[in-house]
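Coordinate inspection notes
What follows is the residue order along each chain.
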Amino acid sequence: MTLATKHEQILNHIETLKIGNKISVRQIAKDLNVSEGTAYRAIKEAETRGLVSTIERVGTIRIEQKKKENFEHLTYAEIIGIVDGQVLGGREGLHKTLHKFVIGAMKTDAMLRYLEKDSLLIIGNRSEAHRLALEEGAAVLITGGFDTDESIKRLADELDLPIISTSYDTFTVAAMINRAIYDQLIKKEIVLVGDIYTPYEKTHYLRRTDPLQKWYHLKDQTTHSRYPVVDDQMRVVGIVTSKDIIGKANDLPVEKVMTKNPITVLKETSLAYAAHMMVWEGIEIVPVEDGNHRLIGLISRQDVLKALQHVNRQPQVGETIDDIITSELSVEKDGTGLVFSSKVTPQMTNALGTLSNGVFVSFITEVSSRLLINMKKGDLVAENISIYFIKPVQIDNLVTIHPKILEMGRKSVKIDIELYHDKEIVGKAILIGQLIDRY
């Protein structure tokens, strides 16, 4: 029997909590007799897994973990984050999922046709409509920064239906929620390792104390020659292949010959990234781990390539790439000049769920133009761009872009651009362009 680490114990504890329960670092630390630092790290991991949601001025609450097929449905807790809202009442219902939203641009009586349980009414300063929505089982999102009556807040608390206030107008709020749902639909279509991996119960692995004879036994059973190695807690500690055991005694423990620190993937890794890595490294199988490095399954190169043949059905993007790039890029100065950064959003990805070539080109032209504007050198007209992807960049990764002037004359410029993720270079480009004087 394996003993769970304190981190795992906290995650298991959080999973057993009732949906809607409030969670605090201090309380978790006290209940499980762990340090507050350990509790904090575990709660952050739970947030990444979709078990909890942390809301400013409210705290951390246990929410229902989403299934992929229900990805387009948002919780009221997520709505708060999207619209930068604050909770006026009904905090206990923030974990609930909404199935549709209704714009309150109609007479109160007419709203009755559209309001239903688990819907969200988006409306301005109309207290009678707020009450009507709650009575029909719908939550309320008040736009324009308005408040509502205290009696309505008390009703929201009684019914566990959130009333949220945001400073944005109704049109902007509806657009923001639509965008969030659209982003989730795109993520839903991207194939991940978790969609195709084989659970470890249906595969074969070795323990590090097993003799090499066990490898021969498995090979005779399966005809495969590559097996992950786990410790007593099912954590992946190595991999054994035929080349590792050639000329070795059969009674030698596996840990003496295994390759340590093998390449592994998570369920959340995109299939495109896994495929690139397996081809690049020339490996046939890769262990799949959970967040605690425990073996949960395997993927084979054959499985990955077969799955990639069926991923050509992606939603089309409504906004232009340039609009997305401009809105997502942030900039700061360091010792060498301007450094740009952006999160890879769903609209920036190709059919495989990685940063597309077209978006990379847009990154290049945008940061180059901003660099020259900052230097007061006028506008840029790109004439030639050479790009090189060194590694695929996954959805939700944060990338930094470092442009550097290689050569500049009165009318022309040559710029070197490097794309980084986690301080590792993932792309490189050279832009040659003409300078157009603004004046």
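Residues numbered from 1 in each chain as written. Predicted model: local features only at pLDDT ≥ 70, side-chain atom pairs only at ≥ 80, totals over all residues. Heavy atoms only, no water.

**Observations regarding the sheet that holds strand β16 (residues 265–266)**
- Strand order in the open sheet formed by four strands is β11-β18-β17-β16, and the pairing between neighbours is mixed. The open sheet terminates on both sides in strands that have one partner only, identified here as β11 (198–199) and β16.
- Docked against the sheet, helix α13 (residues 301–308) engages β11 and β18 (295–300), running at close to 70 degrees with respect to β18. (Pairing = 2+ DSSP bridges. Helix = DSSP H or I, 4+ residues; strand = E, 2+ residues; numbered from the N terminus. Contact = heavy atoms within 4.5 Å. Axes fitted to C-alpha atoms, helices over the stretch in contact; angles between N-to-C directions.)

**Observations concerning the pairing of strand β23 (residues 412–421)**
- Most of β23 is tucked away, with seven of its ten residues classed as buried.
- If you look at the hairpin formed by strand β22 (residues 398–408) and β23, you'll find three residues sitting between the two strands.
- Sheet topology note: the β23/strand β24 (residues 424–436) ladder contains ten bridges and is antiparallel. Within β24, the position partnered with K414 by the bridge is I432.
- Linking β23 back to β24 in an antiparallel pair, the connection comprises two residues, with D422 at a positive phi of about 55 degrees. (Buried < 20%, exposed > 50% of the residue type's maximum accessible area, 1.4 Å probe, protein only.)

**Structural notes on the environment of I395**
- Examined against the element boundaries, I395 turns out to sit in the loop between β21 (379–389) and β22.
- I395 sits in the buried class, given a relative accessible area of 15%.
- Counting along the chain gives 41 residues from I395 to T354, while the straight-line C-alpha distance between them is 5.8 Å.

**Topic: the nonpolar core**
- In terms of nonpolar packing, the biggest core is built from 25 residues, with L355, F363, V393, I401, I417 and L419 touching the most fellow members.
- Listed by contribution, the elements that provide at least two residues to this core are β20 (337–343), α15 (357–374), β22, β23 and β24.
- Counting residues per element, this core draws most heavily on α15, at seven residues.
- I401 has contacts with L329, L338, V339, F340, F363, V367, I417, E418 and L419, leaving out every residue within four places of it along the chain. (Core = buried A, V, L, I, M, F, W, Y, C linked by side-chain atoms within 4.5 Å.)

**Things to note about the packing of aromatic side chains**
- Summed over the entire model, instances satisfying the criterion amount to three aromatic pairs.
- Relative to Y205, the ring of Y200 has its centre 5.9 Å away and its plane inclined at 65 degrees; by these criteria the two rings are edge-to-face.
- The exposure class of Y200 is partly exposed, given its relative accessible area of 26%.
- Seen in terms of ring centroids, F360 and F389 are 4.9 Å apart; in terms of plane orientation they differ by 35 degrees. Their pairing is tilted. With F360 in helix α15 and F389 in strand β21, this residue pair connects regions lying 29 residues apart in the sequence.
- Its relative accessible area of 30% is what places F389 among the partly exposed residues. (Phe/Tyr/Trp six-rings, centres within 6.5 Å; stacked < 30°, edge-to-face > 60°.)

**What to know about the confidence of the model for the chain**
- Across the chain, the average pLDDT comes to 83, with 90% of residues at or above 70.
- Ranking the elements of the chain by mean pLDDT puts helix α14 (residues 321–328) last, at 68, and β23 first, at 94.
- The low-confidence segment residues 312–318, where pLDDT is below 50, has 13 contacts with residues more than four positions distant or belonging to other chains. (pLDDT = per-residue confidence, 0-100.)

**Here we look at unusual backbone geometry**
- Notably, D118 is not glycine yet its phi reads approximately 65 degrees, a positive angle.
- In this structure, D118 sits in the loop between α5 (108–111) and β8 (119–123).
- Classification of D118 as buried rests on a relative accessible area of 19%.
- Positive phi values are uncommon outside glycine, yet D422 reaches one of about 55 degrees.
- Summarising the element assignment, D422 is placed in the loop between β23 and β24.

**Looking at the layout of surface pockets**
- In this structure, the second largest pocket encloses a volume near 460 Å³.
- As for the second largest pocket, its lining consists of 21 residues, and the residues nearest its centre are H224, R226, I285, L298 and S300.
- Elements that contribute at least two residues to the lining of the second largest pocket include exactly β18 and α13. (1 Å grid on protein atoms, 1.4 Å probe; cavity = no way out; pocket = protein on both sides within 12 Å on 5 of 7 lines; lining within 4 Å. Points joined across faces, edges and corners; volume = space filled by probe spheres on them.)

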